[in-house]
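Letter by letter, the chains look like this.
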Amino acid sequence: MSILTSPRGKVEVVHCRRTESQDIFCIKNLIRKFTQKLFGRLNIIYLLEKANLAITLCNDKEEIMAHATFVDYPNWNVANQEDWLSVFWELDKELQCTPLNTLFMHLFVAVDEYSTGCCKEIIRSVFKAVPELHFIFLIVPTYMSLGSTLITVFDQMGNIPNLTFDEDFAVHVCYRHSHYPQLHIRKARVEDHDDLMPIFMQHDTILRATYGEYFLAELIEAQDKENHAVVCEVEGVAVGFMSVCSRVNMELLHQCFDLGPFHGFCDPHPDDVLEQPQDLSFQESQDTSPMHSRQESQLTLMSQELGTPEIKERYSIQGTIAEESSMEELATRLGSVMETRLSNLEDIKSSRLSHVSVASSQPGDTTPFRPIYRGASSAFCIQLFCIDEKYEARSLDFMKFVFSLFPDKNFCLVSLPHLTPEFVLIQNFVKVVPFNNCTLDQDLYFFHRSGLLKKITIRLATLLDTSGVEYLVNNLKLNKCILEDLKQYNDAHRDPDGTPLQAFVAEVAEQVVGIAVIRDEMDIEYIRSHYNIEDFIYFSHHQREEHAHLFHFAINPIFQHYTKFFLKEIFRLGRKSCLYYPIYPASRDGKFQSSYAHSLTSALHYLVPVRPRRQIVYPLEKLGINAPSKEVSKEPMSYALYHTNRKLTLEPKITVNARIVVVGASNVGISFLETLVFCAHLKFSNLTLISTHGLPGKKLLGSEQRKFLASDQSYTDKDHALMSLCSWVNVVVGRMTAIDRAAKHVVVSQEDIVLYDHLILCTGQQYQVPCPTGADISQHLTTRDIPEGRKQRYTGQVPRNHFTLNDEEDCLKAQIWIRNHSIATEGNVIVYGNTIDTYTTIEMLLHLGVRGVNIHLVQPPPTSSITCINNYSVEKAVESALQAAGVTIYEDALLAQWNDGEQDPDSILSASFTTFTKPFKLQCSVFFSFCEKNVDYETFKALNDACLVYDGRLVIDTNFHTNDIAIRAAGSLTKFSNKYYSSQWSHSNFSSKEVGFQLAAAMLCLFDPTLEPVIEPPADLDRLIPMYKGAKIQGGILPGSYHYLHISKPGIPTLLEVQMAQTDYGEEIITGKAKKGTYFRIHINNYKMVETITCLSKEPFPTSNYIRLFGQHEQALNNLCARFDDKMITDLYSYFTEPWCMALFHDRFIDLRKELRQVLTSMKEEESSSMEQLACQLVDEEISLNEKPKAYLKKVFEESIYKSLVERSILDYLQYNHYHLPMYAWPGII
């Protein structure tokens, strides 16, 4: 916040922020004729799309006071954007400007009364936001004066000609030192104490309470050759402090962190032990060390799967830098320290550089080999650091001075607690990967001396760079691919298929430290139609040739903090505006998909993940020539997409290092992780998932295993490929067996621990092994003879041929068992349960070739009158299909014994059941159990032993909290606290995906400073449970090869007949017959909204399309009710393949609805009410009418401006999305 005072004495409190798209209208209103003469006639939207930095100044009422736009090349066409540097050096050879430290002002507008103050405030904010920036240039026609505002900050330095017409332009420059200068760094003195203590006390009082009031003065006095204290000062006043020490506990660091890539932060020594005794290479020992103990224990930790575009950079320091006297001398000696190469990814699943592995093995575990370093320490550490918030952006100014205090040290280290927000200084450091047994509650960062070099050059690669690039990437997994693409560029500048190719290198002190290879993006139509790239760009303002595909990007970790600059230079030199990077899923054998081989990129953190778009399933044959183009409708291999553009090159990301551990890969947990990962402005570096089988979506045997279990349609294998969670989430394969709330760790598989700051429990409920009642059927007992009591848990050994199917891994095991034991041709199969999964499993068994006469469906006594399908017509069709297939059905049968009462049988050979009439016995080759789901016992025991409140299920409040503030839970594992008096409602009543999203939204307020603070609800509302609106979905393939789908609103399960008996039920529309496989039922509620959809079809149908019908008004479905009443609709399946309804299935139709509602609720005409207000007045009888209210509203609508506004919005929607909706006509094409 700053205060501006106008010449007339008016005062405004202002603040700067990044320009947003909604600012464009106000910016245009600030443009004057003088502005156009100074900067030319500009398209503001186009300028903002291509700008590197756009700043808007607002007052405390969020009114726009000023705006400025900055680009990394000159305006007025005075130089080519890739070669402007030579022009400016000709103007002034002593000018120190470089692409790294220079920006050009392309526009400035301001409210006239405050223009001078606004200009200075914006310039200061720009220098503060971009620490490397030293020069801002302004280029205007020579005949124009700068005016009274800009002349206060810019100085003229000369004239340069225009490239296209004969006219000179004046060059003006603004220097950093005039607005936000570099800080003066010096050794600390005791008298600095009084200046520094207020800064310390702003942030923390613990130091003074622990070490006394004068701890800082004592620290300054205690300086010696190993301990130094330095300050930064402004106008003689100390505004920042740093204490550094050369005594580093290297032994502890070697035990806890993988320092092999950095030679242990030690000088090389002849006695260093870098290899295992068994003649293994140094690289192999280093690559296996972070993972080996995990492989020997029951815990498997996968930080990264194939296709993850992160690399674990490794390099060995084989020389040291002698005592330096200047930065120039440092540059000349860079060669001795930059024996630096990127890592060998022999183990694709190695830990990522910034995504640490947090699992810790027990002390008794066998530890892998770790190198032993005999050399002297080459590192010093920062012990204490503090700086005034106003000067925080200049924190890096400390580094040159502190390195000069330790001329024999090459690394500066700092460790921070995980929950410490990432401040400016640490953003220039590199995070070190910890070993899997690291129990330190700290993250370790380092900064290398060579990172101080500012003379980094990005340029197009040449043939002479080949050897430097080869040395840089020599140990990368795909080094051959990189070198082949570099050779292809040097030979032809094009791919073999003719696509333009560009290669760029980063160079420091005449050595190659980075390589990037891009090619023109040829599938931009597919990308636009399948990914939400328009969340980040205005697509129409980017030419086709400005979109590029990033194939390779690698940079020496010493210079990792220049990654954004490297990307920015790629845009400028390559004349591109957008970059795209795909991540393809791994194949089963763990090898790269050869035709999609991209090298892993260390730039991933600087790109933003792009959400995939939900696609319409088109009836292509019915649409004919009106179908979308093949570029839109094609289905290549799915991939996750990452993106960056010019606007994002100077956009900061907020790093969240908090250790967030999710237990359970349920749909709730996956939705939670998805929401966090797709927060474009946040970077979660410590996400961990603990799951029995890792991440789902592996496509284990095609898609067959999906037929075993019904689906709620939250995620498919394709959806998992489009998210690529493995790029961001550490995956611990194992079971949670204990929680230590005091130590804040989870015990996995009874021996390994995972540390957490926030624990998210989303384990859900699973099918359990049933416990036989033990009734002896030889005694002719019935179910009534069995004493009622508490349900017992099965504690014996699970028989080999007993299967409870809870996920795709279980389905795979069952499928392999059936095929390996010839179950398809012989042997009885018992399916025990009465859930919908029993039906889908039977259909899968029939599909695998098991004869129906060998399948026995045994249904236990129901616990509710509501069946799993809750539709008599569908149930009868399925029952008939089972009978036709020869499947035997036993109702109200309770499991009594296995193998005539044998205890802990190795295999089930027979199973006995009791009924309400007489018992029976079945021979058994394989037993599938689908009894009622419950919380897994190991999970329950972990929760109970941790003293978390458990009452049948884990008790939570409305904000997902358990009785431990650091532990949240969601999904079917949970129930609401009794204080809400809503025992019938739980998360099980709602969409799992929506519950996961709401869980993430509730947590984001802890990490995202851009969110408004959460307002506590009034006292009388804090006892209300949240109600979510997303549809509950259930689907699968039922016996008879019926494709089944049921979509309904969230609610307490109620018998369908009871629902229909309600007076406000509404009406139902049914076409077709269930037994014929043509059944389609839609329930329209009393508000004419689609509330329930049930489909049963012999033919596959577009499930994703039908899901979009939920919640639509029947009139939006082309007056569905009226047409059905007039006998115009005989087949709803055919009805919803007609061209008119494609827009309903479009992913942006909901945005159109919101826009139309906004039109109707806004007052567009003076002295008139909006359509919404009129409707409210009619309901409240404030208007007396001689006609029906509906007719009156229709007449007002047609006679007002609303009709034309609504039509214009609809036509704009159709035209903007024409690539998805070419079947619609609009005035422009008629």
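Located above this text is the structure these notes cover.
This structure is a prediction, so every number in the text was calculated from the model and none was measured.

A.B. asks: Just to check I follow, could you spell out the overall build of the protein chain for this structure?
C.D. replies: Looking only at helices and strands, one finds 36 helices and 51 strands in the protein chain. By the burial criterion, 55% of the 1230 residues in the protein chain qualify as buried. Counting contacts in the protein chain only where the partners sit at least 6 residues apart, residues at least 24 apart contribute 74% of the total. Carbon and sulfur atoms form 50% of the exposed surface of the protein chain, whose accessible area is close to 54100 Å².

A.B. asks: I keep staring at the layout of surface pockets and nothing clicks. Help me out?
C.D. replies: Gaps left between atoms are located by rolling a probe of water-molecule size over the structure's atoms. When its volume is computed, the second largest pocket comes out at roughly 1900 Å³. In terms of lining residues, the second largest pocket is bounded by 37 residues, among which His1113, Gln1115, Ala1116, Leu1156 and Leu1160 are the most central. Of all elements in the fold, only helix H33 (1149-1161), helix H34 (1171-1179), helix H35 (1189-1199) and helix H36 (1202-1216) reach the threshold of two or more residues within the lining of the second largest pocket. Sort the elements by how many residues they give to the lining of the second largest pocket and H33 lands first, with seven residues.

A.B. asks: What is the right way to look at the pairing of strand S36 (residues 829-833) in this model?
C.D. replies: Two faces make up the sheet, and in a regular strand the side chains alternate between them. Extensive coverage of S36 is indicated by the burial of five of its five residues. Across the two faces of S36 the burial is the same, with Val829, Val831 and Gly833 and Ile830 and Tyr832 all buried. With four bridges joining them, S36 and strand S37 (residues 855-858) adopt parallel strand pairing. Pairing of valine 829 across the sheet is with isoleucine 855, part of S37.

A.B. asks: Teacher, can you tell me more about helix H24 (residues 808-820) here?
C.D. replies: Every α-helix carries 3.6 residues per turn, so stepping three or four residues along brings you back to the same face. The terminal C-alpha atoms of H24 lie 18 Å apart, and with 13 residues this matches the ideal 18 Å at 1.5 Å per residue to within 8%. Of the positions making up H24, those classed as buried are Glu808, Glu809, Asp810, Cys811, Leu812, Ala814, Gln815, Trp817 and Ile818. For H24, the elements touching its buried residues are helix H23 (717-723), strand S35 (802-803), helix H25 (836-847) and strand S42 (926-930). With a side-chain oxygen lying 3.1 Å from the backbone nitrogen of glutamate 809, the N-terminal cap of H24 falls on aspartate 807. Positive backbone phi, at 55 degrees, marks serine 822, one or two positions downstream of H24.

A.B. asks: Mind showing me how you'd approach the sheet that holds strand S40 (residues 910-914) here?
C.D. replies: Neighbouring strands of a sheet are bound in pairs by backbone hydrogen bonds; such pairs are parallel or else antiparallel. Read from one edge of the open sheet, three strands run S39-S40-S41, paired in antiparallel fashion. The sheet is open, and its two borders are formed by strand S39 (894-898) and strand S41 (920-923), each paired with just one other strand. In this sheet, neighbouring strand axes are inclined to one another by 30 degrees on average, regardless of whether the strands run parallel or antiparallel.

A.B. asks: Help me out: how do you make sense of the packing of H33 against H36 in this one?
C.D. replies: Direction vectors running N to C along H33 and H36 enclose 165 degrees, while the axes themselves pass 10 Å from each other. By the angle between their axes, H33 is roughly antiparallel relative to H36. In this structure, H33 meets H36 at a crossing whose hand is right-handed. Contacts from Phe1149, Leu1152, Glu1155, Leu1156, Val1159 and Leu1160 of H33 reach H36 at Tyr1202, Leu1205, Val1206, Ser1209, Ile1210 and Tyr1213. Across the contact of H33 with H36, the residue classes break down as ten nonpolar, one polar and one charged.

A.B. asks: I would appreciate a short explanation of the pairing of strand S30 (residues 736-740) in the present structure.
C.D. replies: By the bridge criterion, four bridges tie S30 to strand S31 (residues 745-748) in an arrangement that is antiparallel. Across the sheet, residue alanine 738 finds its bridge partner in S31, namely valine 747. The antiparallel pairing of S30 with S31 creates a hairpin that spans four residues between the two strands, and lysine 744 there sits at a positive phi of about 55 degrees.

A.B. asks: Sorry if this is basic, but what is going on with the sheet that holds strand S24 (residues 640-645) here?
C.D. replies: Strand order across the open sheet formed by seven strands is S18-S19-S20-S21-S22-S24-S23, with mixed pairing between neighbours. The open sheet is flanked by strand S18 (456-460) and strand S23 (608-610), the only strands paired with a single partner. Pairs of neighbouring strands in the sheet enclose a mean axial angle of 35 degrees, with direction left out of account. Here seven bridges tie strand S20 (residues 511-520) to strand S21 (residues 547-555), and the two strands are oriented antiparallel to one another. Residue alanine 516 lies in a different strand from S21, and its bridge partner there is phenylalanine 553. Lying over the sheet, helix H17 (residues 479-492) contacts S18, strand S19 (501-508), S20 and S21, oriented at roughly 110 degrees with respect to S19.

Definitions and limits used
- Residues numbered from 1 in each chain as written.
- Predicted model: local features only at pLDDT ≥ 70, side-chain atom pairs only at ≥ 80, totals over all residues.
- Heavy atoms only, no water.
- Helix = DSSP H or I, 4+ residues; strand = E, 2+ residues; numbered from the N terminus.
- Buried < 20%, exposed > 50% of the residue type's maximum accessible area, 1.4 Å probe, protein only.
- Contact = heavy atoms within 4.5 Å.
- Areas by Shrake-Rupley, 256 points an atom, 1.4 Å probe, with all protein chains shown as cover.
- 1 Å grid on protein atoms, 1.4 Å probe; cavity = no way out; pocket = protein on both sides within 12 Å on 5 of 7 lines; lining within 4 Å.
- Points joined across faces, edges and corners; volume = space filled by probe spheres on them.
- Pairing = 2+ DSSP bridges.
- Expected span 1.5 Å × (residues − 1).
- Polar contact = N/O pair within 3.5 Å; in protein donor to acceptor, adjacent residues only side chain to side chain.
- Axes fitted to C-alpha atoms, helices over the stretch in contact; angles between N-to-C directions.
- Parallel < 35°, antiparallel > 145°, perpendicular 65-115°, else oblique.
- Left-handed = near helix turned anticlockwise from the far one by under 90°.
- Nonpolar A, V, L, I, M, F, W, Y, C, P; charged D, E, K, R; others polar.

Remember that the coordinates give geometry; whether it matters functionally is a separate question.
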